[in-house]
Amino acid sequence: DGWTGYTKKQLEWYRNCSEELKTENNGVPVTSMMCCHIPLQEVVSMEILHGVCNENMGRTSKALNVGTFEAIKEQGDVKILVFGHSHKINVIGELDGILMGYAGKISSGSYHDEFSRGGRIVKFNENEPDKVVTYWSGVLPTSKDQPAVVI
């Protein structure tokens, strides 16, 4: 009934790394991106901004929720989460000021879904560390590009 998400040990590792980076940055969170294979449960609650969804977005880490999304909000560093696993989804959305998007499918192997084949581009600018830009670029003539999302 779902896949395993973060363990408590992994969540503690994230918090420790986040705090260490804050300390090195004079107490200011370091703008970050988090990549996860299995989507967090919170994707089903996000406001979808755009994208293609040809699979069940409910295929998340239902079996174990140790509070990863809440920890990310508390730490204030992760501006975008990018998920794999569901290769027929390239949706991008927002929840509580954090972007969540699917990586989609770049390769031409299994999952012959031409509409979501492409890649998610994420741009950070060290001169504007709180600003993150992401967009989807399709690789086939039938793939649909997506406009940029800026937070």
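For the structure, see preceding data.
Parameters at a glance
- Residues numbered from 1 in each chain as written.
- Predicted model: local features only at pLDDT ≥ 70, side-chain atom pairs only at ≥ 80, totals over all residues.
- Heavy atoms only, no water.
- Helix = DSSP H or I, 4+ residues; strand = E, 2+ residues; numbered from the N terminus.
- Buried < 20%, exposed > 50% of the residue type's maximum accessible area, 1.4 Å probe, protein only.
- Areas by Shrake-Rupley, 256 points an atom, 1.4 Å probe, with all protein chains shown as cover.
- Polar contact = N/O pair within 3.5 Å; in protein donor to acceptor, adjacent residues only side chain to side chain.
- Pairing = 2+ DSSP bridges.
- Axes fitted to C-alpha atoms, helices over the stretch in contact; angles between N-to-C directions.
- Contact = heavy atoms within 4.5 Å.
- Core = buried A, V, L, I, M, F, W, Y, C linked by side-chain atoms within 4.5 Å.
- Salt bridge = Lys/Arg side-chain N within 4 Å of Asp/Glu carboxyl O.

Asker: For this particular structure, what's the right way to read the overall build of the chain?
Answerer: A tally of helices and strands in the chain yields two helices and eight strands. The secondary structure elements of the chain, listed N-terminal to C-terminal, are α-β-β-α-β-β-β-β-β-β. The buried share of the chain, taken over its 151 residues, is 43%. Summed over all atoms, the accessible surface of the chain reaches about 8100 Å², with 51% contributed by carbon and sulfur.

Asker: Would you explain the environment of Thr134 in this entry?
Answerer: Position of Thr134 relative to the elements: it lies in strand 7 (residues 132–138). Sequence spacing of Thr134 and Gln146 is twelve residues, and the spatial spacing of their C-alpha atoms is 9.3 Å. Looking at Thr134, its side chain comes within polar contact range of the main-chain oxygen of Ile121, at 2.9 Å.

Asker: Just to check I follow, could you spell out the sheet that holds strand 7 for this structure?
Answerer: One key point about sheets: their strands pair by backbone hydrogen bonds, in either a parallel or an antiparallel sense. On the basis of which strands lie adjacent, the open sheet formed by three strands has the order 6-7-8 and antiparallel pairing. Both edges of this open sheet fall to strand 6 (118–124) and strand 8 (149–150), since each of them pairs with a single strand only. When strand 7 meets strand 8, the two strands line up antiparallel, connected through two bridges. Bridge assignment links Thr134 to a residue of strand 8, and that residue is Val149.

Asker: Any chance you could explain the sheet that holds strand 5 (residues 98–102) here in plain terms?
Answerer: The strand order 1-3-5-4-2 describes an open sheet built from five strands, whose pairing is mixed. In this open sheet, the two edge strands, each paired with only one partner strand, are strand 1 (32–36) and strand 2 (47–50). Between one strand axis and the next, the sheet turns through 25° on average, direction left out of account. Where strand 3 (residues 78–83) and strand 5 come together, four bridges link them in parallel fashion. Note on strand 5: the bridge partner recorded for Leu81 is Met100. Helix-sheet contacts for helix 2 (residues 68–75) involve strand 1, strand 3, strand 4 (92–95) and strand 5, and the interaxial angle to strand 5 is about 135°.

Asker: Mind showing me how you'd approach the nonpolar core here?
Answerer: Met34, Ile72, Leu81, Phe83 and Met100 are the most contacted members of the largest nonpolar core, which totals 22 residues. At the level of secondary structure, the elements contributing two or more residues to this core comprise helix 1 (8–24), strand 1, helix 2, strand 3 and strand 5. Sequence-distant contacts of Met34, that is, excluding residues within four places in its chain, are made with Tyr6, Tyr14, Ile72, Val78, Ile80, Leu81 and Val82. Membership of the second largest hydrophobic core comes to six residues, among which are Ile80, Val82, Ile92 and Val132.

Asker: Would you take a moment to explain the environment of Trp136 for this structure?
Answerer: Note on placement: Trp136 falls in strand 7. Residues Trp136 and Val122, 14 residues apart in the sequence, show an inter-C-alpha distance of 8.9 Å.

Asker: What should I look at first to understand the environment of Pro129 in this one?
Answerer: In this structure, Pro129 sits in the loop between strand 6 and strand 7. Expressed as a C-alpha distance, the spacing of Pro129 and Thr31, which sit 98 residues apart in the sequence, is 6.0 Å.

Asker: Teacher, can you tell me more about the pattern of salt bridges here?
Answerer: When charged atoms on two side chains of opposite charge get close, those side chains can pair. According to the stated counting rule, one finds five salt bridges in the structure shown. Two residues, Glu19 and Lys22, come together in a salt bridge whose shortest N-O distance is 3.3 Å. Here Lys22 and Glu19 lie together in helix 1, a separation of three residues that amounts to about one turn. We classify Lys22 as buried; its relative accessible area is 13%. Between Glu128 and Lys131 there is a salt bridge, with the nearest N and O atoms lying 4.0 Å from each other.

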